[in-house]
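Results of the structural survey
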Amino acid sequence: RHNALLANLGYGLVILGSFGLSLAINVSTRTGMMEGDAMAEDLGAAFRGPLWLFGQMGAACAGDPAAMAVTLLCGILPAVLFVLLLRGSYRHLLTRMGARAARRKYRMTAQHSASPMMALLRKESIRFFHTPIYLFNTGFGLILLVAAVAAICWKRDAVLSLLAQEMEIPLSPGSLYGALAGTVCFLLATVCPSSVSLSLESRSLWILKSLPVPATQILRAKVCFNLLVGWPLTALCIVVLWGILGFTPLQGVALLACSAALAWFVSLLGAVANLSFPRLDAANDTVICKQSLSAVIGIFGGMVLVGVGIGLCLALQSLLGTEAYLLICAVLLAGLSLLLDRWLCTAGARRLSSLG
């Protein structure tokens, strides 16, 4: 009954655990090098003991053929054993699961009505939160942002010192504001469900097109859902950082405005990319979320945009303050978003009507 929730929790714990372990190893290695390699030696002992497999992976990356063979074997062997175990009973298991679903009892309950937009948003949310590969491929940046803000709330000084050390910036309010603003915008730019949501309709696209709503409303629902997924939680994280780190009112407002405009632009960019390069013949959702051109444009396009913006900010920091630069970026992104929205409501709507 709760398989989607359990799958999402499993995905999240594994990925966050991997990030956490990688960060802990990095910090321990650097600390050990600064303290006479004592901790680095302890880490090496762990790689020869409980973390032996991670040590083999590291040796494989360094070019050890034997370690590479061990790493490949440990990655492939469990999958081979799983396939061999289920190959004789897979169809039988599917049949039993289908029969169990067919025996489900249906009860008459009260029905509720909603506006077409709310119904479309609810449809988008069900698909998003019930498809782990969709959620984590197009929304994992938001999970990282929440985890980072939680870490800052928990251990403020240690996390900020690590951030300053990694980015090689002085531990001052002004420098940290610019670094945190860039990090928030970079992670927000990766939240782009609209870049694959139309392709995920796949063979049921005709059902969506047959709904008694205009094509413009269908497209705007996908953009609006992307906005609802990405920006409100980002805004909450910004307000929390604002309170913890003591940003000035201008700094907080500038970052909120820039993040809102960026979220709007990325949502529209993903929808435009998905309309321009739909993938309606994919074998499964993984191919759409990981290998379609629209997914690449939607996710990496926003990242490239933020990277260019950070570079321009560094180049112009002697002329403009970070707050003024963020406000200018917000106005420019809002203008570009209006142009994309215009295209979506005209040529985009005609493009959707011709798909199928």
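For clarity, every value in this text was computed on a predicted model and none was experimentally measured. (Residues numbered from 1 in each chain as written. Predicted model: local features only at pLDDT ≥ 70, side-chain atom pairs only at ≥ 80, totals over all residues. Heavy atoms only, no water.)

Section: the overall build of the protein
Threshold: Only DSSP runs of H or I with at least four residues qualify as helices, and only runs of E with at least two residues qualify as strands; both kinds are numbered from the N terminus onward. Type-normalised accessible area, obtained with a 1.4 Å probe on protein chains alone, sets the label of each residue: buried when under 20%, exposed when over 50%, and partly exposed for intermediate values. Whether two residues are in contact is decided by their heavy atoms: any pair within 4.5 Å suffices. Here the accessible surface of atoms and residues is derived via Shrake-Rupley with a 1.4 Å probe, and residues count as covered only by protein chains that are part of the display.
Within the protein, the secondary structure is distributed over 15 helices and zero strands. Burial analysis of the protein (356 residues in total) assigns 35% to the buried set. Partitioning the intrachain contacts of the protein with sequence separation of at least 6 by distance along the chain shows that 78% fall at a separation of at least 24. Looking at the protein as shown, the accessible area adds up to about 20,700 Å², and 69% of this sits on carbon and sulfur atoms.

Some words on the side chain of Lys222
Inspection of the secondary structure assignment puts Lys222 in helix 11 (residues 215–245). Residue classification places Lys222 among the buried residues on the basis of a relative accessible area of 5%. When residues no more than four places from it in sequence are discounted, the contact partners of Lys222 are Glu124, Ser194, Ser197, Leu198, Glu201 and Leu208.

Quick word on helix 14 (residues 293–315)
The test is simple: The span expected for a helix works out to 1.5 Å for each residue beyond the first.
Taking 1.5 Å per residue as the helical rise, helix 14 with its 23 residues ought to reach 33 Å, and the 32 Å between its terminal C-alpha atoms agrees with that figure. The complete set of buried residues in helix 14 reads Ser294, Ala295, Gly298, Ile299, Gly302, Val306, Gly309 and Cys313.

Comments concerning the packing of helix 6 (residues 116–129) against helix 11
As a reminder of what qualifies: Orientation is described by axes fitted as lines to C-alpha atoms, over the contacting stretch for helices, and by angles from 0 to 180 degrees between their N-to-C directions. Here the word oblique covers every angle except those under 35 degrees (roughly parallel), over 145 (roughly antiparallel) and from 65 to 115 (roughly perpendicular). For any pair of crossing helices, the crossing counts as left-handed if the nearer helix is rotated counterclockwise from the farther one by less than a right angle, and right-handed if it is rotated clockwise. Residue polarity is assigned by list, with Asp, Glu, Lys and Arg as charged and Ala, Val, Leu, Ile, Met, Phe, Trp, Tyr, Cys and Pro as nonpolar; anything else, Gly included, falls into the polar class.
Viewed as axis vectors pointing N to C, helix 6 and helix 11 meet at an angle of 55 degrees, and their least axial separation amounts to 9 Å. The orientation of helix 6 with respect to helix 11, classified from their angle, is oblique. When you trace helix 6 past helix 11, the crossing you get is right-handed. Counted together, Pro116, Met117, Leu120, Leu121, Glu124, Ser125 and Phe128 of helix 6 and Gln217, Ile218, Arg220, Ala221, Lys222, Cys224, Phe225, Leu228 and Val229 of helix 11 form the full contact between these two elements. When its residues are assigned to classes, the contact of helix 6 with helix 11 shows eleven nonpolar, two polar and three charged.

Thoughts on the nonpolar core
Put simply, the rule is: The term nonpolar core refers to a set of buried residues drawn from Ala, Val, Leu, Ile, Met, Phe, Trp, Tyr and Cys, joined through side-chain atoms within 4.5 Å.
If you look at the biggest cluster of nonpolar residues, it comprises 73 residues, and the most contacted ones within it are Leu262, Leu344 and Leu352. In terms of residue count, the dominant contributor to this core is helix 12 (residues 249–276) (14 residues). Excluding residues that lie within four positions of it along the chain, Leu352 makes contacts with Leu198, Leu205, Lys209, Ala215, Ile218, Leu219 and Leu275.

So, the environment of Ser204
As a reminder of what qualifies: We define a polar contact as two N or O atoms separated by no more than 3.5 Å, with the added condition that, inside protein, one atom must be a possible hydrogen donor and the other a possible acceptor, whereas residues neighbouring each other in sequence contribute only through side-chain atom pairs.
Mapped onto the secondary structure, Ser204 falls in the loop between helix 9 (173–189) and helix 10 (205–209). For the pair Ser204 and Leu280, spaced 76 residues apart in the sequence, the C-alpha separation amounts to 9.6 Å. A polar side-chain atom of Ser204 sits 2.6 Å from the main-chain carbonyl oxygen of Glu201.

So, the pattern of salt bridges
Defined as follows: For salt bridges, the criterion is a side-chain nitrogen of Lys or Arg within 4 Å of an Asp or Glu carboxyl oxygen.
One pass over the structure, following the stated rule, counts six salt bridges. Residues Glu201 and Arg127 are paired through a salt bridge, measuring 3.7 Å at the closest nitrogen-oxygen approach. A residue pair is termed long-range when its members are at least 10 positions apart, and Glu201 in the loop between helix 9 and helix 10 and Arg127 in helix 6 qualify at 74 residues. Assessed through its relative accessible area of 3%, Glu201 is described here as buried. On the basis of relative accessibility, which here comes to 22%, the residue Arg127 falls in the partly exposed class. Across the pair Arg220 and Asp341 runs a salt bridge whose closest N-O atoms are separated by 2.9 Å. With a gap of 121 residues between them, Arg220 in helix 11 and Asp341 in helix 15 (residues 322–354) connect regions that are remote in the sequence. On the basis of relative accessible area, Asp341 is assigned to the buried category, the value being 17%.

Concerning a nonpolar patch on the surface
The line we're drawing: Patches were defined on residues exceeding 30% relative accessible area and lacking a salt bridge, with like-charge contacts within 9 Å and nonpolar side-chain contacts (Val, Leu, Ile, Met, Phe, Trp, Tyr) within 5 Å.
Judged by side-chain polarity, Met68, Leu72, Leu73, Ile76, Leu77, Val80, Leu81 and Leu84 come together as a nonpolar surface patch covering roughly 720 Å² of accessible area. Position of Leu77 among the secondary structure elements: in helix 4 (residues 65–86). Overall, Leu77 belongs to the partly exposed group, its relative accessible area being 40%.

A word on the confidence of the model for the protein
The condition is simple: pLDDT expresses how confident the predictor is about each individual residue, on a scale running from 0 to 100.
On average, residues of the protein score 83 in pLDDT, and 86% of them are at 70 or above. The element-level mean pLDDT for the protein is lowest in helix 2 (residues 38–48), coming to 66, with helix 12 highest at 93.

Considerations on the packing of helix 11 against helix 15
It is the contact of helix 11 with helix 15, at a shortest axis distance of 9 Å, that shows an interaxial angle of 120 degrees. As helix 11 packs across helix 15, the resulting crossing turns out to be right-handed. Judged by residue contacts, Ala215, Thr216, Ile218, Leu219, Arg220 and Val223 of helix 11 engage Asp341, Leu344, Cys345, Gly348, Ala349, Leu352 and Ser353 from helix 15. Looking at the contact of helix 11 with helix 15 residue by residue, the class counts come to eight nonpolar, three polar and two charged.

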